[in-house]
Amino acid sequence: MNSLDLQNDDSPLVLMELLYRLRVRDAMVSDVVSVTRLDSLRRIQKLMKAHRITGVPVAEQGRLFGVVSMGDIIEALDGGYIHESCALHMTSSVVSLEADMPLSFAVSYFARYEFGRFPVLDAEGRLCGMLSTRDLNACLLGALSREVNRMESQNERGTPSSRGYLLREFRVKTQDLEHAGQAANEIRTLLQKQGVQSSTLRRIAVAAYELEINLCVHSEGGTLSFMRAGPRVEITARDTGPGIADVEWALRDGTSTADEWVRSRGFGAGMGLPNVRRAADEFDIRSQLGTGTTVRAVVLLEPTST
Amino acid sequence: MTILDAITHLGAELLMQGAGSTEPIGQIMACDLMSDVLLVDRDRVLLVTSLATEQAVRTAHVIGGVGVIVVNDKSVTASTIALARSLDVTLATCALTKFQACVSLGHYEEAR
């Protein structure tokens, strides 16, 4: 795969933005075919053929021990030890990716190492997926296609061009209420300098602030990303757990699982997510227990807010 | 009424004067629950609160408020004042209760 120079200022901004916005988990295959250390290389050869894959992770109960590649299988056939256990011949010093890494990391890894695929680990270091160059390309092409469609649609509506991409990402620590709000304050200040109208500015800042507080209070920590692309401002909060058991319930006014400490700091009234939905022109939320939550809020700027 | 008028009328101590302190207040909101403050959809809100934390200042900034008057004679930390300075949010503290401050500001506004 030809490498992409991520430090090159001439790289298209849309592509750069996608590489930093998309995560490894967005591109990886999570339905992983894996084997244990006791499995024979012959069994792995058959698995590779059946699933049309060229590498298989060796993992037990989520813990990654190694990887067996097509090259290992060819060597085993040549060497006459195809019936032996894979534990004896697998590559045990494995280079892996983390699910929450921006996709730009994956591009760098593929350029730096000569592997065709990488195992992907979750926040607890457990195997949760595999990423090949094919997966990465498919994800990027899909995202680019959606982005181009969106830009073409904007042009048809006569909205301002999408030049001037702006992207920021903030790490939000769990239970760190003292600093929660820093991202929202920075986003507001940034957009205020760009002349965004006050009522729109407030909607964006409120959405960012509520999401930031939620990350701090209800999650195990995560990221708040902010992107402006022409007239479109997108705020996305991502965390890695614990997830929301009943999203519909969480979206009702006044429902909250916040404790007294949070309430004593002025929050936890159960207005956060409903308020984000109110403030946004587009809103969606995805959550899975044990995996995490992603909330996306989009606010469209008025034509005069350039 | 500007926030400086309100501060003077309440006998409050001005801790940080922001750029918008001489412009008229759009609405006064007395509240300790920042979740409720974030529901306001008005410009130039003056927040009267007994929450003497950085979150009160951050919340005022997020909604585009003119400033914060902390009531109940609560002490405001240096870091909160520094935050108000960095966000250009007017900050003051006064000895009155929230109820007393609201009644006093109401009478003041009626008499104007």
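Predicted model, so just to flag it, every value in this text is computed and none were measured.

Cut-offs and rules
- Residues numbered from 1 in each chain as written.
- Chains lettered and ligands numbered in written order.
- Predicted model: local features only at pLDDT ≥ 70, side-chain atom pairs only at ≥ 80, totals over all residues.
- Heavy atoms only, no water.
- Helix = DSSP H or I, 4+ residues; strand = E, 2+ residues; numbered from the N terminus.
- Buried < 20%, exposed > 50% of the residue type's maximum accessible area, 1.4 Å probe, protein only.
- Contact = heavy atoms within 4.5 Å.
- Areas by Shrake-Rupley, 256 points an atom, 1.4 Å probe, with all protein chains shown as cover.
- Buried area = accessible area lost by both parts, 1.4 Å probe.
- Salt bridge = Lys/Arg side-chain N within 4 Å of Asp/Glu carboxyl O.
- Polar contact = N/O pair within 3.5 Å; in protein donor to acceptor, adjacent residues only side chain to side chain.
- Nonpolar A, V, L, I, M, F, W, Y, C, P; charged D, E, K, R; others polar.
- Pairing = 2+ DSSP bridges.
- Axes fitted to C-alpha atoms, helices over the stretch in contact; angles between N-to-C directions.
- Phe/Tyr/Trp six-rings, centres within 6.5 Å; stacked < 30°, edge-to-face > 60°.
- Lys NZ or Arg CZ within 6 Å of the ring centre and 35° of its normal.
- Parallel < 35°, antiparallel > 145°, perpendicular 65-115°, else oblique.
- Left-handed = near helix turned anticlockwise from the far one by under 90°.
- Lys, Arg positive; Asp, Glu negative; His and termini not counted.
- Core = buried A, V, L, I, M, F, W, Y, C linked by side-chain atoms within 4.5 Å.
- Arc of directions from axis to C-beta.

Asker: Whenever I open this one, the overall build of chain A confuses me. Can you help?
Answerer: When you go through chain A residue by residue, the secondary structure sums to 11 helices and 10 strands. Out of the 306 residues belonging to chain A, those deemed buried represent 49%. The long-range share in chain A, meaning contacts at least 24 apart out of those at least 6 apart in sequence, stands at 62%.

Asker: Hey, could you run me through the overall build of chain B in this one?
Answerer: From N to C terminus, chain B includes five helices and five strands. Walking chain B from its N terminus toward its C terminus, one meets helices and strands in the order α-β-β-α-β-α-β-α-β-α. Put simply, chain B has 112 residues, and 54% of those count as buried. The long-range fraction of contacts in chain B, counting pairs at least 24 apart against all pairs at least 6 apart in sequence, stands at 48%. Surface summary for chain B: the accessible area is close to 4,600 Å², and the carbon and sulfur share equals 52%.

Asker: Please explain the interface of chain A and chain B as it appears in this structure.
Answerer: Often, the extent of an interface is quoted as the loss of accessible area on bringing the components together. With 26 residues of chain A at the interface, the matching set in chain B holds 21 residues. Between chain A and chain B lies a buried interface of about 1,900 Å² when both sides are counted; carbon and sulfur atoms form 50% of it. Summed over the shared surface of chain A and chain B, the number is two salt bridges. When the shortest N-O distance is used, the salt bridge between B:Asp41 and A:Arg202 registers 3.2 Å. The tally of links between chain A and chain B comes to 14 residue pairs in polar contact (both at pLDDT 80 or more). Breaking the side of chain A that touches chain B down by element, the ones donating at least two residues are helix H7 (182-193), helix H8 (198-218) and helix H11 (272-279) of chain A. Examining the composition of the side of chain A that touches chain B, we find that seven residues originate from one element, H8(A), more than from any other. Partitioning the side of chain A that touches chain B into residue classes produces 10 nonpolar, 10 polar and six charged.

Asker: Whenever I open this one, the sheet that holds strand E8 (residues 232-239) of chain A confuses me. Can you help?
Answerer: Through backbone hydrogen bonds, the strands of a sheet pair up, either in parallel or in antiparallel fashion. Residues and elements named next belong to chain A. Taken in spatial order, the five strands of this open sheet run E6-E7-E8-E10-E9, and their pairing is antiparallel. In this open sheet, the two edge strands, each paired with only one partner strand, are strand E6 (166-172) and strand E9 (282-288). The mean angle between the axes of side-by-side strands here comes to 10°, regardless of whether they run parallel or antiparallel. Relative to strand E7 (residues 222-229), E6 runs antiparallel, the two being bridged by seven bridges. For Glu 169, the partnering residue across the bridge sits in E7 and is Ser 225.

Asker: Just to check I follow, could you spell out the packing of aromatic side chains for this structure?
Answerer: Aromatic rings in a pair are described by how distant their centres are and how their planes are angled relative to each other. Residues and elements named next belong to chain A. Taken as a whole, this structure holds seven aromatic pairs over all chains when the rule is applied. Here Tyr 209 and Phe 267 contribute two aromatic rings whose centre-to-centre distance is 5.8 Å and whose plane-to-plane angle is 85°, an arrangement assigned as edge-to-face. Linking Tyr 209 in helix H8 with Phe 267 in the loop between helix H10 (260-264) and H11, this pair joins segments that are 58 residues apart in sequence. Judged by relative accessible area, Phe 267 falls into the buried class, the value being 1%. For Arg 37, the ring lying beneath its charged end belongs to Phe 65, and the centroid distance is 3.7 Å.

Asker: Looking at this structure, I do not really get the packing of H7(A) against H8(A). What am I missing?
Answerer: Helix-helix packing is described using two parameters, namely the angle between the two axes and the distance between the axes. All names here are of chain A. At a closest axis distance of 8 Å, the pairing of H7 and H8 adopts a crossing angle of 160°. Between H7 and H8, the crossing angle belongs to the class labelled roughly antiparallel. Crossing of H7 over H8 shows right-handed handedness. Listed contacts from H8 to Gln 182, Ala 183, Ala 184, Ile 187, Arg 188, Leu 191 and Gln 192 of H7 are Leu 201, Ile 204, Ala 205, Ala 208, Tyr 209 and Glu 212.

Asker: I'm lost on the sheet that holds strand E2 (residues 27-30) of chain B in this one. Help?
Answerer: All names here are of chain B. One open sheet holds the five strands; their spatial order is E1-E5-E4-E3-E2, and the pairing between them is mixed. Single-partner strands in this sheet number two, and they are strand E1 (13-16) and E2. Taken pair by pair, the neighbouring strands of this sheet meet at an average axis angle of 20°, ignoring direction. Here four bridges tie strand E3 (residues 45-49) to strand E4 (residues 67-70), and the two strands are oriented parallel to one another. By the bridge assignment, Val 48 is partnered in E4 with Ile 69. Along the sheet face, helix H4 (residues 78-87) touches E1 and strand E5 (90-93) and points at about 65° away from the line of E1. The strands touched by helix H5 (residues 98-111) are E2 and E3; relative to E3, the strand with the most contacts, the crossing angle is about 145°.

Asker: Honestly, the side chain of A:Asp239 in this entry has me stumped. Any pointers?
Answerer: Residue and element names in this part refer to chain A. Checked against the element boundaries, Asp 239 lands in strand E8. No salt bridge is formed by the buried Asp 239; its nearest oppositely charged neighbour, Arg 25, is found at 8.6 Å. Beyond its immediate stretch of four places on either side in the chain, Asp 239 contacts Leu 215, Ser 219, Gly 221, Gly 222, Thr 291, Gly 292 and Thr 293.

Asker: How do you make sense of the nonpolar core when you look at a structure like this?
Answerer: Soluble globular proteins tend to pack their nonpolar side chains together in the buried interior. By size, the foremost hydrophobic cluster in this structure holds 67 residues, and its most contacted members are A:Ile187, A:Leu224, A:Ile235 and B:Leu91. Tallying contributions element by element places H8(A) first for this core, with 12 residues. Leave out the neighbours within four places in its chain, and A:Ile187 touches A:Phe170, A:Ile204, A:Ala208, A:Leu224, A:Phe226 and A:Ile235.

Asker: Which parts of the structure should I look at to understand helix H1 (residues 3-10) of chain B?
Answerer: Since the α-helix advances by 3.6 residues per turn, residues separated by three or four positions end up pointing in the same direction. Residues and elements named next belong to chain B. Within H1, burial applies to Ile 3, Ala 6, Ile 7 and Leu 10. Buried residues along H1 cover an arc of 100° about the axis, so they all sit on one side. Looking at the buried residues of H1, the elements they touch are E1, E3, E4, E5 and H5. The first or second residue beyond H1 is Gly 11, which carries a positive phi of 70°.

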